[in-house]
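Read off the chains here:
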Amino acid sequence: MSDNFCVRNFKSLLFAATIAEFAEFAVHLSNNVIAGQLIGEEGISALHLVVPLLSFLLFVTNIVCIGTYICYSFEIGRFNREKAAQYFGQGIILTILIGVIMTGISIIFRNNLIELLAGDHTVNEYVFEYFRFLPVVILLQPITLLLAQMVYVDGDKTVSAAAYICQILGNIIFSWVLCKKIGIAGVSLGTVISFILTLLVLSIHFFRKINTIRFKWYADYKDMLRIAKYSVVKSSSIFFFSLFTAIINTFMLSQGEEEYLPVFAVVMDMVELMVIFDGVEVALAPMFATLHAEHNTKMLGILVRESLKIAFIEGIVMTVLVLLFAKNMAILFGLHDAEKITIAASCLRIMSLSFCAAAVIKLLAGYYLHMEYVKLSIAVCSINGIAAPLIFVVFFVYVFGAVGLGVGMFFSPIFSLFMTALIVYTLYKKENFPYLIDKTKDKNIYMYDISLSQDTVMEITDKIEHLLKENNISGKSLIWVRLFSEEIGMMILEKNINKEISAQYTVDLNSDEIKLIIRDDGVLFDITDTDSKISSLRSFVVSGIMEKQEIKFYQITTGYNRNAFKFPKA
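If you're wondering where the values come from, they're calculated on a predicted model, not measured in any experiment.

Parameters at a glance
Residues numbered from 1 in each chain as written. Predicted model: local features only at pLDDT ≥ 70, side-chain atom pairs only at ≥ 80, totals over all residues. Heavy atoms only, no water. Helix = DSSP H or I, 4+ residues; strand = E, 2+ residues; numbered from the N terminus. Rg over C-alpha atoms; globule rule 2.2 N^0.38 Å. Buried < 20%, exposed > 50% of the residue type's maximum accessible area, 1.4 Å probe, protein only. Contact = heavy atoms within 4.5 Å. Areas by Shrake-Rupley, 256 points an atom, 1.4 Å probe, with all protein chains shown as cover. Lys, Arg positive; Asp, Glu negative; His and termini not counted. Charge placed at Lys NZ, Arg CZ, Asp CG, Glu CD. Phe/Tyr/Trp six-rings, centres within 6.5 Å; stacked < 30°, edge-to-face > 60°. Lys NZ or Arg CZ within 6 Å of the ring centre and 35° of its normal. Core = buried A, V, L, I, M, F, W, Y, C linked by side-chain atoms within 4.5 Å. Patch = residues over 30% accessible without salt bridge, like charges linked within 9 Å, V, L, I, M, F, W, Y side chains within 5 Å. Salt bridge = Lys/Arg side-chain N within 4 Å of Asp/Glu carboxyl O. Expected span 1.5 Å × (residues − 1). Pairing = 2+ DSSP bridges. Polar contact = N/O pair within 3.5 Å; in protein donor to acceptor, adjacent residues only side chain to side chain. Axes fitted to C-alpha atoms, helices over the stretch in contact; angles between N-to-C directions. Parallel < 35°, antiparallel > 145°, perpendicular 65-115°, else oblique. Left-handed = near helix turned anticlockwise from the far one by under 90°. Nonpolar A, V, L, I, M, F, W, Y, C, P; charged D, E, K, R; others polar.

Chemist: Summarise the overall build of the protein chain; cite the residues concerned and give the values.
Modeler: Broken down by element type, the protein chain carries 19 helices and 5 strands. Relative to a compact globule of 570 residues, whose C-alpha radius of gyration would be 25 Å, the protein chain shows 26 Å and is just as compact. Dimensions of the protein chain along its principal axes, counting C-alpha atoms only, are 85 × 45 × 45 Å. Taking all 570 residues of the protein chain together, the buried fraction comes to 60%. Pairs at least 24 residues apart make up 79% of the contacts formed inside the protein chain by residues separated by at least 6 positions. With an accessible surface of roughly 23300 Å², the protein chain has 64% of that area assigned to carbon and sulfur atoms. Each charge class in the protein chain was averaged separately, 46 positive and 51 negative side chains, and the resulting centres sit 5 Å apart.

Spelled out as structure tokens, the structure:
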């Protein structure tokens, strides 16, 4: 499937998506590493004790951010630009409100929040210092996260990746320098500066031609509930992580294992590192929204199989890396005691053996959400995020002590994957197991991927004509579909002289109408615009047939042109 237009687009989004998912972890990890290297294990413990609070803040933020970009993608898939702009506008308003409200809470109740965090006197002093600039982080995080996701969904892979790389490197550099000067407070100040730099880089997108994001002043409680529905899955994962961390912290303290909290912090750092696996699902999200809106079950099936293959490969790569460098990772994360390094390395190696299962279960949880099986997605997240790890980790820590952390985290994703398969097979459509895609529609969907040239345009036009004749479609409908297939292909060529252009023609015969969808990765232009400048005889002809065509849509979608037309079958 390497020559498939949508698969190539998915893979091109994968790097930016992986960097996007890695960014939050990289900021947290770099903070831990800096605190561990410059302050010591007390610094690691202090930041680890703050994790549940920061995870909860991220949970609240994502309730708005994730649902906003998913709903925005759905509307773009339906060519509903007005509604998409409303979702973006509402998202901006809500993220600003969240930032302001949560910042106020963090300032007013700072002492109360610090008192809730268990630790000795020295550790709590570090926590207090870290809080000095934390309110500014809370203020900037929601709007930064939303804009970063929207720029990515809009297809600007360059600016998106650059912004996240800037956030990661900026946090490392400034946190390191400032921590050496003013202590652990410099770590949170470095994060503030990295957010500001990220916002500046993201702003570049709004001055580029590829930008299709528009702000519309809008707020509606029904749409707020809709974005909350789509946000709840990933947000719940963050909440479960926060809850799981807090419970295990308490459990280890009750078992007299307080000295091994830094080991647990290392294990949790590895759990957070597995957000890299989320990059596959995030890369799929805008593509799935588009194809789901188009009812293109055939391409959906191709993409999910391709994504599962990539997730499995990522799991293998991560397993090999951890097996080889587990001890180095433990040291990097800030451990200095030889015994703790050995225990942490053992935990990391044991849990890494189930990384393939972890990658697949993360992908499936997001996939079922994008297929609008929201309850199923929440169930998968609940099992994988809290139920399975809590049961297995508590049991094995009780039996084996600190090493049980790794054993419990090994069994958790395997058990979650088994339970997901059982639930899907038992409660949902057995004939569509495990993807829940209605494959009966596939036989009436035809896709043609080509590298555009005059010869290939004529060849694809002939194939489409032959296809329609085989399906007993003739007369005006046949003539119009052939005319559009040929003239649009030639018009794209004319706009991209001396450039290699890829395109995909999709013909969907499932309904009472013929649906023709043409995607291309050439110069961005609205071919359906009848008011566009006439620059050639062909542009005159295309403008004329567009005036005659009633049902036509154009939308830039993740950085490429997408045109859709509907014709009667008779």
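Chemist: Just give me the short version of the packing of aromatic side chains, but keep the residues and values in it.
Modeler: The relation between two aromatic rings is expressed through the spacing of the ring centres and the mutual angle of the planes. Throughout the structure, instances matching the rule amount to 19 aromatic pairs. Residues F277 and F355 carry aromatic rings whose centres are separated by 6.0 Å and whose planes lie at 70° to one another, so their mutual orientation is edge-to-face. In this pair, F277 is assigned in the loop between α10 (261-273) and α11 (278-294) and F355 in helix α14 (residues 355-370), connecting sequence segments 78 residues apart. By relative accessible area, F277 is classed as buried at 1%. Under the relative-accessibility criterion, F355 is labelled buried at 1%. With centroids separated by 5.9 Å and ring planes inclined at 20°, the aromatic side chains of F392 and F411 adopt a geometry described as stacked. Remark: F411 occurs in helix α16 (residues 404-427) and F392 occurs in helix α15 (residues 374-400); sequence separation between them is 19 residues. Ring-pair connections join several aromatic residues into one group, and the members of that group are F392, F395, F396, F400, F410, F411 and F415. One cation-aromatic arrangement involves K495 over F525; the distance from NZ or CZ to the ring centre is 5.2 Å.

Chemist: Describe the nonpolar core, and please don't skip the residues or the numbers.
Modeler: If you look at the biggest cluster of nonpolar residues, it comprises 151 residues, and the most contacted ones within it are L303, M351, Y368 and L405. Setting aside its immediate chain neighbours within four residues, Y368 contacts Y373, V374, L376, S377, V380, T420, V424, P434 and L436. Counting 32 residues, the second-largest nonpolar core is a separate cluster that includes I492, M546, F565 and F567.

Chemist: Go over a nonpolar patch on the surface, please, and point to the residues and values.
Modeler: Together, F15, L38, I165, L169, I172, I173, F174, W176 and V177 make up an exposed nonpolar region whose accessible area comes to about 760 Å². Counting residues per element, the ones that place at least two in the nonpolar patch are α1 (5-38) and α7 (157-182). At 7 residues, the largest contribution of residues to the nonpolar patch is made by α7. Along the chain, I173 falls in helix α7.

Chemist: Describe helix α17 (residues 454-470), naming the residues involved and giving the relevant values.
Modeler: Compared with an ideal rise of 1.5 Å per residue, which puts 17 residues at 24 Å, α17 spans 25 Å between its outermost C-alpha atoms and is within 8% of the ideal. Those residues of α17 that sit buried are T456, V457, I460, T461, I464, E465, L467 and L468. Close packing links the buried residues of α17 with β1 (445-451), α18 (475-495), β2 (502-508) and β3 (513-520). Once α17 finishes, N472 follows within two positions and takes phi at roughly 60°, a positive value.

Chemist: Can you explain the pairing of strand β4 (residues 552-557)? Please cite residues and give values.
Modeler: Bridge count between β4 and strand β5 (residues 560-568): 6 bridges; the pairing is antiparallel. Across the sheet, the residue bridging to F553 is A564, located in β5.

Chemist: Just give me the short version of the side chain of T198, but keep the residues and values in it.
Modeler: Within the secondary structure layout, T198 lies in helix α8 (residues 185-203). The class for T198 is buried, based on a relative accessible area of 1%. Reaching out from T198, the side chain makes a polar contact with the backbone oxygen of S194 at a distance of 2.7 Å. For T198, the residues in contact, after removing those within four places along its chain, are T144, A163 and Q167.

Chemist: Describe α7, listing the residues and the values that go with them.
Modeler: The end-to-end C-alpha distance of α7 is 36 Å, a good match for the 38 Å that 26 residues give at a rise of 1.5 Å each. Every buried residue belonging to α7 is among V159, S160, A161, A163, Y164, Q167, I168, G170, N171, S175, L178 and C179, and all of these are buried. Where α7 is buried, its residues touch α1, α6 (134-153) and α8. With its phi angle positive at about 80°, G183 sits one or two positions after the end of α7.

Chemist: Which residues make up the sheet that holds β3, and what values go with them?
Modeler: Hydrogen bonding along the main chain pairs the strands of a sheet, whether they run parallel or antiparallel. One open sheet accounts for 5 strands, arranged β1-β2-β3-β5-β4; its pairing is antiparallel. Each end of this open sheet is capped by a strand with a single partner; those strands are β1 and β4. In this sheet, neighbouring strand axes are inclined to one another by 15° on average, regardless of whether the strands run parallel or antiparallel. Bridge count between β3 and β5: 8 bridges; the pairing is antiparallel.

Chemist: With reference to specific residues and values, describe the pattern of salt bridges.
Modeler: Evaluated as defined, the whole model comprises 16 salt bridges. Between K83 and D223 there is a salt bridge; the shortest N-O distance is 2.6 Å. With K83 in helix α3 (residues 81-108) and D223 in helix α9 (residues 221-254), the pair connects residues that are 140 residues apart, well separated along the chain. Across the pair D462 and R482 runs a salt bridge, and its minimum N-O distance is 2.9 Å. Remark: R482 occurs in helix α18 and D462 occurs in helix α17; sequence separation between them is 20 residues.

Chemist: I'd love a proper account of the environment of Q86, names of residues and values included.
Modeler: Tracing the backbone through its elements, the reader meets Q86 in helix α3. Considered as a pair, Q86 and Y72 are 14 residues apart in the sequence and their alpha carbons are 8.6 Å apart. The residues contacting Q86, other than those within four sequence positions of it, are K216 and Y218.

Chemist: How would you sum up the packing of α14 against α16? Please name residues and give values.
Modeler: Packed helices, taken two at a time, are described by their axes: the angle between them and the distance between them. Two elements in contact, α14 and α16, have axes separated by 8 Å at closest approach and are oriented at 40°. Taken as axis vectors, α14 and α16 run oblique relative to one another. Handedness of the α14/α16 crossing: left-handed. Side by side, α14 and α16 meet where A357, A358, V360, I361, L364 and Y368 of the first sit next to P413, I414, S416, L417, T420 and V424 of the second. Its residues assigned to classes, the contact of α14 with α16 shows 10 nonpolar, 2 polar and no charged.

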